[in-house]
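Structural overview for review
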Amino acid sequence: MTSYVEGSPVKALIVEDMAVDTLVLSTMLRKFHCEIIVAKNGKEAVQMFLEGKKFDIIFCDKDMPVMSGPEAIEKIHALGETHVKIVGVSASDNAQEAFMSAGADEFVPKPMKLDVVRAMIQEVINKKTNDMV
Amino acid sequence: MAATMKLSTLGYAASMLSTGLLDEQFQKLLLLQDGSDPNFVVEIITLFCEDGERTIGELTKQLDKRCVNFDEVADFVHKLEGSSATVGAQRVKNACIQFLEFCKEKSRDGCLKTLDTLRVVFYDVSGKFKAMLQLEQQQAEATK
């Protein structure tokens, strides 16, 4: 699978406070040559957008200190950042509703599967390619 | 993974799988390790053991308070549930699920009892993980 669109790797933001989960997801994303940035909570993630950073996809945990995933998603959308694909990720049963209500594009239960991540990255690449045409 | 971990270590992991201490998620993690991330499994196991120990310490403190904040307790348990699901530590995950039920019921006794169970299963799997890593290190040094 190619992750380059005319020299532009997929920019992924991982919003996750647990190091184990961050490491697993980063390792998966590195296999698809993604450029990865990590925020340890929702507030850090929002701050990145306030600083003008751009991402193609966000993988966002639900329960984090300082600011939760759903709250961060609402704030990111309120900043006008609606082009970025937002994926809610959680081991909790009731997380899907919270994420979708907040405006996430998709929900994936933990543990994440490599095939699922691959499909999401490919979707982002296809969109980037179509946007360029 | 087979290219970067010794067969004896893989055998150790297989016995943890066959006894239900780990589930197929751990096998998927092994497959993620390759030449570009040769220490991936070691890092994952180390982080899981450190985070888990810290979480159990926090849970003990929280449940020791006169007035238990069950939402805070549940937050800690959710974290451990998530990381145990990620590494495939099935029994730890199941203990966390049970724990969360008692948090919902705001049952201090239920939480304390489940914390005991959680402690036992966590230290069982983390002890075996550490033994596996030691074996891996010994094998690596023996082949130098």
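Residues numbered from 1 in each chain as written. Chains lettered and ligands numbered in written order. Predicted model: local features only at pLDDT ≥ 70, side-chain atom pairs only at ≥ 80, totals over all residues. Heavy atoms only, no water.

Across all of its chains, the model carries 6 aromatic pairs over all chains by this definition. Aromatic side chains F49 of chain A and F55 of chain A sit 5.5 Å apart centroid to centroid with 65 degrees between the ring planes, which places their arrangement in the edge-to-face category. Residue F55 of chain A is classed as buried on the basis of its relative accessible area of 3%. Ring centres of F48 of chain B and F129 of chain B lie 6.1 Å apart, and the angle between their planes is 85 degrees; this geometry places the pair in the edge-to-face category. A residue pair is termed long-range when its members are at least 10 positions apart, and F48 of chain B in helix α3 (residues 40-64) and F129 of chain B in helix α6 (residues 108-142) qualify at 81 residues. In this structure F48 of chain B comes out as buried when scored by relative accessible area, which is 0%. Given a relative accessible area of 0%, F129 of chain B falls into the buried group. Through successive ring pairs, a cluster of aromatic residues spans F26, F48, F122, Y123 and F129 of chain B. (Phe/Tyr/Trp six-rings, centres within 6.5 Å; stacked < 30°, edge-to-face > 60°. Buried < 20%, exposed > 50% of the residue type's maximum accessible area, 1.4 Å probe, protein only. Helix = DSSP H or I, 4+ residues; strand = E, 2+ residues; numbered from the N terminus.)

This brings us to the nonpolar core. Ranked by internal contacts, the top residues of the largest apolar core, which has 62 residues, are F59 and I121 of chain A together with F26, F48, F99, L118 and F129 of chain B. If you look at the next biggest cluster of nonpolar residues, it comprises 22 residues, including V46, I73, A95 and A104 of chain A. (Core = buried A, V, L, I, M, F, W, Y, C linked by side-chain atoms within 4.5 Å.)

A few words now on the packing of helix α2 (residues 42-50) of chain A against helix α3 (residues 69-78) of chain A. How two helices sit against one another is set out by the angle between their axes and by the gap between those axes. Residue and element names in this part refer to chain A. α3 packs onto α2 with a crossing angle of 15 degrees between their chain directions and a minimal axis gap of 9 Å. As judged from the angle between their axes, α2 and α3 are roughly parallel. Note that α2 runs across α3; the crossing there is right-handed. Along its contact with α2, which presents G42, V46 and F49, the element α3 presents A72, K75 and I76. When its residues are assigned to classes, the contact of α2 with α3 shows 4 nonpolar, 1 polar and 1 charged. (Axes fitted to C-alpha atoms, helices over the stretch in contact; angles between N-to-C directions. Parallel < 35°, antiparallel > 145°, perpendicular 65-115°, else oblique. Left-handed = near helix turned anticlockwise from the far one by under 90°. Contact = heavy atoms within 4.5 Å. Nonpolar A, V, L, I, M, F, W, Y, C, P; charged D, E, K, R; others polar.)

This paragraph deals with the sheet that holds strand β7 (residues 106-109) of chain A. Pairing between sheet strands relies on hydrogen bonds along the backbone, with the strands arranged either parallel or antiparallel. All names here are of chain A. One open sheet accounts for 5 strands, arranged β4-β3-β5-β6-β7; its pairing is parallel. Unpaired on one side and paired on the other, β4 (35-39) and β7 mark the two borders of the sheet. Going from strand to strand, the sheet's axes swing by 20 degrees on average, the running direction of each strand aside. Along the sheet face, α2 touches β3 (11-15), β4 and β5 (57-61) and points at about 125 degrees away from the line of β4. Sitting on the sheet, helix α5 (residues 114-132) is in contact with β5, β6 (85-90) and β7, with an inclination near 145 degrees to β5. (Pairing = 2+ DSSP bridges.)

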